[in-house]
Amino acid sequence: MPHDPRPLTGEPLSLDLLNTRWMHDGAPQDLLTGTEGLAVWLAANGLDGRFAADGPTLDHVLRARDALASLVASPGDRAGVARVDKVLRHGRIRATLTADGPGEEPEFKDPAWGPAWLAARDYLHLLATAPGRIRGCAHEACVLHFFDTSRNGTRRWCSMAACGNRAKASRHYARSREA
């Protein structure tokens, strides 16, 4: 499996899907330009054993990514809501009872919709949990998103080591030029 080149991984599934687009040295990057990148994304999220990295799955994942991106950019936007709802129509949750107790099992008429549907469903979970903690990085040149899990909910950067340090260095440089 090829290396995952993205600078930020490990976010909830819906935000990790958004983070398949990022900036590197001022140039936009996109992991999902083909099925190879889809395979990397599926593996990074433990979905590679359940879903195929094929053309139809890629098409559906790209549709979900665009729909989620529009909602994150403009929460409550009617067109974005309708686009996410279209993705959600392709799956459902079946209640189950297991030896461990009650559970849920996602079902899809067409398995190619599975990863897209799971990402859209994850976004619903984040909205139900803490919608104000779905954030875009505060660095003006960064397009990454994260779910703020900090205790006080004040995280501003996708990564303090990358974007946070760049912002600090930029402020320091500006102050030293003024002096």
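Given the structure is predicted, the values throughout are model-derived calculations rather than measurements.

> Honestly, the nonpolar core in this entry has me stumped. Any pointers?
Here is a general trend for soluble globular proteins: nonpolar side chains tend to be buried in one another's company. Formed by 43 residues in total, the largest nonpolar core has its most connected members in Leu 17, Trp 41 and Cys 158. When neighbours within four sequence positions are excluded, Trp 41 is seen to be in contact with Arg 6, Leu 13, Asp 16, Leu 17, Thr 20, Leu 31, Leu 32, Leu 47, Val 61 and Pro 115.

> Got a minute to help me understand the side chain of Arg 65 in this structure?
Structurally, the position occupied by Arg 65 is in helix α3 (residues 55–73). Side-chain polar atoms of Arg 65 contact the side chain of Thr 20, separated by 2.8 Å. Here Arg 65 is in contact with Leu 17, Leu 18, Thr 20, Arg 21, Asp 30 and Leu 32, once residues within four sequence places are set aside.

> Explanation requested: the state of the cysteines in the structure shown.
Each disulfide consists of one covalent bond between the sulfur atoms belonging to two cysteines. Applying the stated criterion across every chain, the model contains 0 disulfides. Among the cysteines around Cys 137, which has no disulfide bond, Cys 163 carries the closest sulfur, lying 3.7 Å off. Cys 142 carries a free sulfur, and the closest cysteine sulfur to it, the one in Cys 163, is 3.7 Å from it. Of the residues examined, Cys 142 reaches a relative accessible area of 15% and is grouped as buried.

> I'm lost on the pattern of salt bridges in this one. Help?
By the definition in use, this model includes 8 salt bridges. With its nearest N and O atoms 3.5 Å apart, the salt bridge here joins Arg 121 to Glu 104. Placement of Arg 121 in helix α5 (residues 114–129) and of Glu 104 in strand β4 (residues 101–108) is noted, with a sequence separation of 17 residues between them. Counted as one network, the salt bridges with shared partners bring together Asp 4, Arg 6 and Asp 16.

> I'm lost on the packing of aromatic side chains in this one. Help?
The description of two aromatic rings rests on the distance between their centres and on the angle between their planes. According to the stated counting rule, one finds 2 aromatic pairs in the structure shown. With centroids separated by 5.5 Å and ring planes inclined at 70°, the aromatic side chains of Phe 108 and Trp 117 adopt a geometry described as edge-to-face. We note that Phe 108, like Trp 117, is buried. Three or more aromatic residues joined by ring pairs form one cluster here, namely Phe 51, Phe 108 and Trp 117.

> I keep staring at the packing of α3 against helix α4 (residues 78–88) and nothing clicks. Help me out?
When two helices pack together, their arrangement is given by the angle between the helix axes and the distance between those axes. Two numbers describe how α3 lies on α4: the axes approach to 8 Å, and their chain directions differ by 145°. Here the hand of the crossing between α3 and α4 comes out left-handed. Residues Ala 64, Asp 66, Ala 67, Leu 68, Ser 70 and Leu 71 of α3 pack against Gly 80, Val 81, Arg 83, Val 84 and Val 87 of α4. Split by residue class, the contact of α3 with α4 holds 7 nonpolar, 2 polar and 2 charged.

Rules and cut-offs
- Residues numbered from 1 in each chain as written.
- Predicted model: local features only at pLDDT ≥ 70, side-chain atom pairs only at ≥ 80, totals over all residues.
- Heavy atoms only, no water.
- Core = buried A, V, L, I, M, F, W, Y, C linked by side-chain atoms within 4.5 Å.
- Buried < 20%, exposed > 50% of the residue type's maximum accessible area, 1.4 Å probe, protein only.
- Contact = heavy atoms within 4.5 Å.
- Helix = DSSP H or I, 4+ residues; strand = E, 2+ residues; numbered from the N terminus.
- Polar contact = N/O pair within 3.5 Å; in protein donor to acceptor, adjacent residues only side chain to side chain.
- Disulfide = S-S within 2.5 Å.
- Salt bridge = Lys/Arg side-chain N within 4 Å of Asp/Glu carboxyl O.
- Phe/Tyr/Trp six-rings, centres within 6.5 Å; stacked < 30°, edge-to-face > 60°.
- Axes fitted to C-alpha atoms, helices over the stretch in contact; angles between N-to-C directions.
- Left-handed = near helix turned anticlockwise from the far one by under 90°.
- Nonpolar A, V, L, I, M, F, W, Y, C, P; charged D, E, K, R; others polar.

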